[in-house]
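# Understanding the architecture of this molecule
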Amino acid sequence: MSAISLKDISKSYGPVEVISSIDLDIEKGEFVVFVGPSGCGKSTLLRMIAGLEGINSGTLSIDGTVANDIAPARRGIAMVFQSYALYPHMSVYENLAFSLRIAHVDKAEIDQRVRKAAAMLQLDPYLKRRPRELSGGQRQRVAIGRAIVREAKVFLFDEPLSNLDAALRVATRIEIAKLKERLPGTTMIYVTHDQVEAMTLADRIVVLNAGRIEQVGRPVELYEAPANLFVAGFIGSPAMNLLPCSLRHDGDRSFVTLAGAGAGAIAFGSGGRTDKEAGTLGVRPESLRLSTPEQALLTGTVDLVEHLGEVTILYLDVGSEQPVLAKFDKTKAFNRGDIVSLTADAAELHAFDAAGAALQRLA
Ligand SMILES: Nc1ncnc2c1ncn2[C@@H]1O[C@H](COP(=O)(O)OP(=O)(O)O)[C@@H](O)[C@H]1O
Ligand SMILES: [Mg+2]
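These numbers were taken from a predicted model, which means no experiment stands behind them.

## Some words on the sheet that holds strand β5 (residues 65–66)
Within a sheet, neighbouring strands are paired by backbone hydrogen bonds and run either parallel or antiparallel to one another. Taken in spatial order, the 4 strands make up an open sheet running β2-β1-β4-β5, and their pairing is antiparallel. Lying at the two open borders of the sheet, with one neighbouring strand each, are β2 (16–26) and β5.

This is the structure in structure tokens:
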């Protein structure tokens, strides 16, 4: 039985559908990340699970029980917001204890739970402080602590790190990763538009786009086998190079030829089609390596060299609209104007049909 199950869930604001027919099962103890561009419906979906937004159609089940009409407070769910939502006039201790006092939990039990949560989040030295006497990262930890003391079955996080500066964001991300280890039975759903957070925290990632699920999978699955052009372009940094190509489907094979390139055709599985279409060939910047001109998949002129310390990124003009990016380790020296031939292993190439769906790779 799934901890949380969404069946054909939709949501509209007036005539505008913002969540379209979502199906998703989340297991107990799983850490699931919803990722997608701003406005794609991540917060709306999370708030529907929390009970803060109504569901227009479909079924939400929590632990096997239909929950569409269960009041938010009775769902066993705790939500951590981007804005912390702490009580400014209360100490950290009182902020942590508040929901338990409301629920008439006895004093000794409250004290024990508050101290346990504070220890888990390294907040012990700050229990007497007010929120304004804390850094952003400490405030966010108090907000997370409030979810912990409630011993909720499910934690929902809505972009909890987006108000923190870069260094604090990394530190707090690591705290959340540790929290996941310490609370293995707690199901967590985490919303972010940051794919690094998604890749590092998630057991499974749900990629959302315009209110629909584009793909669900483990982080490496999405990276290695994106199901479509949207996921290919969204997961990975710098993004996958996407090059126009022609596709010829012929029985059990599809042949990809890059426009203008000298390379021979590359074969993918066709799924039994026999037609031709314009498609897209995808190759990640880190998959490209230097080759002889004869073996090149791509040949281009170096337009820009970015030295990032541990890596060098080349921007190549290959005669198409977008530059091709290639990532090398720090020892490679290039100059603007160099002509560079590049190739990649066939296993690291991706092909997409005219509709943007990934073609099956041949092993
Ligand atoms: N209360 C509301 N009324 C009308 N439209 C809304 C409301 N809340 C969100 N929306 C719209 O729904 C879409 C999804 O919003 P949201 O879930 O906040 O996206 P995300 O969290 O992925 O950035 C957006 O187009 C947004 O403008
Ligand atoms: Mg949002």
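## Re the domain arrangement of the chain
It is common to give the size of an interface as the accessible area that goes away when the parts come together. One can read the domain layout of the chain as domain 1 (4–233) and domain 2 (250–352). Relative placement of domain 1 and domain 2: their C-alpha centres are 39 Å apart. For the side of domain 1 that touches domain 2, the residue count by class is 3 nonpolar, 1 polar and no charged.

## Structural notes on the nonpolar core
By size, the foremost hydrophobic cluster in this structure holds 91 residues, and its most contacted members are V33, F34, I49, F155, L156 and I189. Taken domain by domain, the makeup of this core includes at least three residues from each of domain 1 (4–233) and domain 2 (250–352). Setting aside anything within four residues of it in sequence, one finds F34 in contact with K42, L45, L46, I189, V191, V206 and L208.

## Side note on helix α3 (residues 107–120)
With 14 residues, α3 should cover 20 Å at 1.5 Å per step; its first-to-last C-alpha distance of 20 Å lies within 8% of that length. Restricting attention to buried positions, one finds in α3 the residues I110, V114, A117 and A118. Down the axis of α3, the sector holding all buried residues measures 100°, keeping them to one side. Exposed residues pointing more than 90 degrees away from the buried face of α3 are listed as A108, E109 and A119. Phi turns positive one or two residues past the end of α3, at Q122, with a value near 50°.

About the cut-offs
Residues numbered from 1 in each chain as written. Chains lettered and ligands numbered in written order. Predicted model: local features only at pLDDT ≥ 70, side-chain atom pairs only at ≥ 80, totals over all residues. Pairing = 2+ DSSP bridges. Helix = DSSP H or I, 4+ residues; strand = E, 2+ residues; numbered from the N terminus. Domains from an automatic or database assignment. Nonpolar A, V, L, I, M, F, W, Y, C, P; charged D, E, K, R; others polar. Core = buried A, V, L, I, M, F, W, Y, C linked by C-beta atoms within 7 Å. Buried ≥ 20, exposed ≤ 12 C-beta atoms within 10 Å, placed from the backbone. Contact = placed C-beta atoms within 7 Å. Expected span 1.5 Å × (residues − 1). Arc of directions from axis to C-beta.

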